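Working through the structure, step by step
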Amino acid sequence: MIQDILIPFLLVGLAELGDKTQLAVLLLSTKTKKYTSLLLGIMLAFFFTTGIAILFGNYIAQKIPVDYVRIGAGSLFILFGLLTLYKRGQTEEGDSNELKGPFLSGFWLILIAEMGDKTQLAAALFATQYNPYLVFVGVMLALFTMSVMAVYLGKIIMERVDKNIISTIAGILFIVIGGSFFL
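Residues numbered from 1 in each chain as written. Predicted model: local features only at pLDDT ≥ 70, side-chain atom pairs only at ≥ 80, totals over all residues. Heavy atoms only, no water.

The next subject is the overall build of the protein. Summing up its helical and strand segments, the protein has eight helices and zero strands in all. Traced from its N-terminal end to its C-terminal end, the protein shows the element sequence α-α-α-α-α-α-α-α. Counting across all 183 residues of the protein, residues that qualify as buried make up 43%. Here the protein has roughly 10,000 Å² of accessible surface; of this, 69% comes from carbon and sulfur atoms. (Helix = DSSP H or I, 4+ residues; strand = E, 2+ residues; numbered from the N terminus. Buried < 20%, exposed > 50% of the residue type's maximum accessible area, 1.4 Å probe, protein only. Areas by Shrake-Rupley, 256 points an atom, 1.4 Å probe, with all protein chains shown as cover.)

Attention now goes to a nonpolar patch on the surface. Side chains of Ile2, Leu6, Leu10, Leu11, Leu14, Leu17 and Met149 sit close together on the surface and give an oily, nonpolar patch of about 700 Å² of accessible area. At five residues, the largest contribution of residues to the nonpolar patch is made by helix 1 (residues 2–16). As for its placement among the helices and strands, Leu6 is situated in helix 1. Relative accessible area serves as the criterion here: at 41%, Leu6 is assigned to the partly exposed category. (Patch = residues over 30% accessible without salt bridge, like charges linked within 9 Å, V, L, I, M, F, W, Y side chains within 5 Å. Salt bridge = Lys/Arg side-chain N within 4 Å of Asp/Glu carboxyl O.)

Attention shifts here to the nonpolar core. If you look at the biggest cluster of nonpolar residues, it comprises 41 residues, and the most contacted ones within it are Leu28, Phe46, Phe77, Leu109, Ile110 and Phe174. Elements with a contribution of two residues or more to this core: helix 2 (20–29), helix 3 (35–63), helix 4 (66–87), helix 5 (102–114), helix 6 (118–129), helix 7 (132–160) and helix 8 (163–180). The greatest single-element share of this core, amounting to nine residues, is contributed by helix 3. Residues within four places of Ile110 in sequence aside, it is in contact with Thr21, Ala24, Val25, Ile42, Ala45 and Phe46. (Core = buried A, V, L, I, M, F, W, Y, C linked by side-chain atoms within 4.5 Å. Contact = heavy atoms within 4.5 Å.)

This paragraph deals with the packing of aromatic side chains. Within this structure, the stated rule accounts for seven aromatic pairs. With 6.3 Å between their ring centres and 40 degrees between their planes, Phe126 and Tyr130 make a pair best called tilted. Grouped by ring-pair contacts, the aromatic residues Phe47, Phe48, Phe107, Trp108 and Phe136 constitute a single cluster. (Phe/Tyr/Trp six-rings, centres within 6.5 Å; stacked < 30°, edge-to-face > 60°.)

A word on the packing of helix 2 against helix 8. Following both chains from N to C, one finds helix 2 and helix 8 inclined at 155 degrees, their axes separated by 10 Å at the closest point. Comparing the axis directions of helix 2 and helix 8 gives the class roughly antiparallel. Relative to helix 8, the crossing made by helix 2 is left-handed. Listed contacts from helix 8 to Lys20, Leu23, Ala24, Leu27 and Leu28 of helix 2 are Ala170, Leu173, Phe174 and Ile177. Residue composition of the contact of helix 2 with helix 8, by class: eight nonpolar, no polar and one charged. (Axes fitted to C-alpha atoms, helices over the stretch in contact; angles between N-to-C directions. Parallel < 35°, antiparallel > 145°, perpendicular 65-115°, else oblique. Left-handed = near helix turned anticlockwise from the far one by under 90°. Nonpolar A, V, L, I, M, F, W, Y, C, P; charged D, E, K, R; others polar.)

One way to put it is that helix 1 packs onto helix 6 with a least axis distance of 10 Å and a crossing angle of 165 degrees. Classified by the angle their axes make, helix 1 and helix 6 are roughly antiparallel. Of the two possible hands of crossing, helix 1 and helix 6 adopt the one that is right-handed. Across from Ile7, Pro8, Leu11, Val12, Ala15 and Glu16 in helix 1, the residues of helix 6 making contact are Lys118, Thr119 and Phe126.

Take helix 8 next. Between the first and last C-alpha of helix 8 there are 25 Å, a value that for 18 residues agrees with the 26 Å anticipated at 1.5 Å per step. Among all positions in helix 8, only Ile166, Ser167, Ala170, Gly171, Phe174, Ile177 and Gly178 are buried. Taken end-on, helix 8 shows its buried residues confined to a sector of 135 degrees, consistent with a single buried face. The backbone nitrogen of Asn164 has a side-chain oxygen 3.1 Å away, supplied by the residue at the start of helix 8, namely Asp162. (Expected span 1.5 Å × (residues − 1). Arc of directions from axis to C-beta. Polar contact = N/O pair within 3.5 Å; in protein donor to acceptor, adjacent residues only side chain to side chain.)

Structure follows, in C-alpha cells:
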C-alpha cells in the first residue's frame, strides 16, 4: 500500500526536476506576488491532468493527437514569452510588471503544458500497476512539493534580481521552451 504512494511520489518528483512545467512555474512566480493564487491555479491544473491521466489515460492518448497538444502548449509558451518581453519596459515608476491573473495564468499554462507530458503518462502507467487512488495521491504530493519549491525559488529570485533582467530572461525562456514543443 505504501509503495502505491511512495513510488509515484519519488519517480514523478524526480521527473519534474528541471521539467518545462516546473520552469514555467518558476518563471510565473517571478511575475507575481500572489503566490498562493498562482499555486492554487497550478495545482488545480495538475489535479485535472493527473486525474484525466489516471481515469482515461490510454483512451485520450488515442483520441487526441499528441501533436495537437504540443502545438497548443508550444504556442501558449511562446505567447507568454512575447507578452513578457513586450511588457517588460512598459511599467512606470511605482507600477508593477505583475501578472493580472496569476491563478488563471498558472492554471491554463500548466493545464496545456502537462497534456501528454511524461509525468501525466507516468501517472497513467502507475495507475495500471497500483491502486489508482493512491497513485493520484502520490503524484499530487510530488507535483505540489515541486511546485512549492519552484514558487519559493521564484520569490527569492524576485527579491535579489532586477525586474527587467528577470522579465527579459523569463520572456526568452518561455519562447525557447515553446519552440522546443515544435521540435
